[in-house]
Amino acid sequence: MKKLINSPDEVLADALVGVAAAHPSLTVNMSDRYIARAGGPTRGKVGLVSGGGAGHEPLHGGFVGYGMLDAACPGEVFTSPVPDQILAATRAVDGGAGVLHIVKNYTGDVLNFQMAADLSADDGVRVEGVVVNDDVAVENSTWTAGRRGTGATVFVEKIVGAAAELGADLGTTAALGREVNDRSRSFGVALTPCTVPASGKPGFELGEDEVELGVGIHGEPGRARGRLASAREIAGVALDAIHADMPLSSEVLVMVNGLGGTPLIELYVVYAAVAEWLAGHGVRITRNLVGNYVTSLEMAGCTITVCRLTPQLTHLWDAPVVTPALRWGH
């Protein structure tokens, strides 16, 4: 295992020190292990908290800031944050209008966020939750009851974050988050496995000419183990699966997301194939992201996420955002 770390046991702690040093707009609570906006809660604004296992950077800490999250709770690599972390973050961002938890659909995440929500209610903090489950590849995969939460998490955090900045109340932000999730679908493909620092070995094996179709962001198995094909063919497999589950039409937001080990030039090759497929099906891409947004350590591969836009969702997507990983319009 070759990694730029000090110790496998200290990767998260060392990374949080680095986040604090790199981003003065954020504050990092090392004892409770959460990342928040440096200015504290905004009175009268719904607070947004998300989180999950480390190893998916910039998700979620890279999306803390104006127009997106108020706080993020990183667990150990590929491990859910614990309820006490989430509770501390929830308390820290409560500005009196309640707090929305945005949770990827993994069993540990769902259970721990729900426990933290219950404890927050005991403190008098109103909490609602949005569970993201956009992955069309498989149901009831490793660590998951139902579908996995993947790239649509970025869409939910951005769009709901914009609405919260504009003063939307807790019920409205929760309903909006569920709408974005319902209108989004994802499919992932892995070319190589990744290595969790604590284990020191790849999480699965792939032959030189094999790919995992429908892989999860922790390396969970997908739909099939297939032969390496062209970017155009792989994009077609992903979009066929998405289109079969949620027929695509009109205007869409597309994210071609790298899993950590894929050069940007290859992601643009995939994006070209995605654009060609969608144009051929009468679908118009009006907004997009290409790059690393939901990674899986150093895994090579990508996920493709598509959201069917409405005028309201487009407006909120375009609203200003200032975070380490997304920044425009401000």
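Residues numbered from 1 in each chain as written. Predicted model: local features only at pLDDT ≥ 70, side-chain atom pairs only at ≥ 80, totals over all residues. Heavy atoms only, no water.

Colleague: So, the sheet that holds strand E6 (residues 127-132): which residues are in play, and what are the values?
Modeller: With respect to topology, 6 strands assemble into an open sheet ordered E1-E2-E4-E3-E5-E6, the strand pairing being mixed. Each end of this open sheet is capped by a strand with a single partner; those strands are strand E1 (26-29) and E6. The average undirected angle you get between the axes of adjacent strands in this sheet is 20°. In this sheet, strand E2 (residues 34-37) lies alongside E1 in antiparallel orientation, the contact comprising 4 bridges. Within the sheet, the bridge partner assigned to Thr27 lies in E2 and is Ala36. (Pairing = 2+ DSSP bridges. Helix = DSSP H or I, 4+ residues; strand = E, 2+ residues; numbered from the N terminus. Axes fitted to C-alpha atoms, helices over the stretch in contact; angles between N-to-C directions.)

Colleague: For the environment of Gly301, give the residues involved together with the corresponding values.
Modeller: Tracing the backbone through its elements, the reader meets Gly301 in strand E12 (residues 301-308). Along the sequence, Gly301 and Val215 sit 86 residues apart, while their C-alpha atoms lie 9.3 Å from each other. For Gly301, the contacting residues outside a window of four places in its chain are Val189, Ala190, Leu191, Asn257, Gly258, Leu259, Thr262 and Leu267. (Contact = heavy atoms within 4.5 Å.)

Colleague: Mind laying out the packing of aromatic side chains, listing which residues take part and the relevant values?
Modeller: Within this structure, the stated rule accounts for 2 aromatic pairs. Pairing Phe155 with Trp317 gives two aromatic rings, centres 5.6 Å apart and planes at 85°, and the pair type is edge-to-face. Of this pair, Phe155 sits in helix H4 (residues 152-165) while Trp317 sits in helix H8 (residues 311-318), and the two are 162 residues apart along the sequence. Judged by centre distance (5.5 Å) and plane angle (50°), the rings of Trp317 and Trp328 are tilted. Of this pair, Trp317 sits in helix H8 while Trp328 sits in strand E14 (residues 327-328), and the two are 11 residues apart along the sequence. An aromatic cluster of three or more residues is present, and its members are Phe155, Trp317 and Trp328. (Phe/Tyr/Trp six-rings, centres within 6.5 Å; stacked < 30°, edge-to-face > 60°.)

Colleague: Hey, could you go over the state of the cysteines for me, with residue numbers and the actual values?
Modeller: Overall, the coordinates contain 0 disulfides when judged by the stated rule. For the unlinked cysteine Cys194, the closest cysteine sulfur is that of Cys302, found at 15 Å. Cys194 gets classed as buried once you look at its relative accessible area, which sits at 4%. Lacking any disulfide linkage, Cys307 is separated from the closest cysteine sulfur, that of Cys302, by 18 Å. Exposure remark for Cys307: the relative accessible area of 0% places this residue in the buried category. (Disulfide = S-S within 2.5 Å. Buried < 20%, exposed > 50% of the residue type's maximum accessible area, 1.4 Å probe, protein only.)

Colleague: Please provide a residue-by-residue account of the pattern of salt bridges, values included.
Modeller: Throughout the structure, instances matching the rule amount to 18 salt bridges. One salt bridge connects Arg37 with Glu165, and the closest N-O pair in it is separated by 2.9 Å. Of this pair, Arg37 sits in strand E2 while Glu165 sits in helix H4, placing them 128 residues apart in sequence. Residue classification places Glu165 among the partly exposed positions, given a relative accessible area of 22%. Between Arg225 and Glu212 there is a salt bridge, and its shortest N-O distance comes to 2.5 Å. A residue pair is termed long-range when its members are at least 10 positions apart, and Arg225 in strand E9 (residues 224-227) and Glu212 in strand E8 (residues 210-213) qualify at 13 residues. Salt bridges sharing partners connect three or more residues here, namely Arg37, Lys45, Asp70 and Glu165. (Salt bridge = Lys/Arg side-chain N within 4 Å of Asp/Glu carboxyl O.)

Colleague: Kindly report on the pairing of E8, identifying the contributing residues and their values.
Modeller: Bridge count for strand E7 (residues 184-190) against E8 is 2 bridges, and the pairing is antiparallel. Looking at the pairing, Val189 lines up with Leu213 of E8. Judged from the 4 bridges that link them, E8 and E9 form a sheet pairing that is antiparallel. Bridged to Glu210 within E9 is Arg227.

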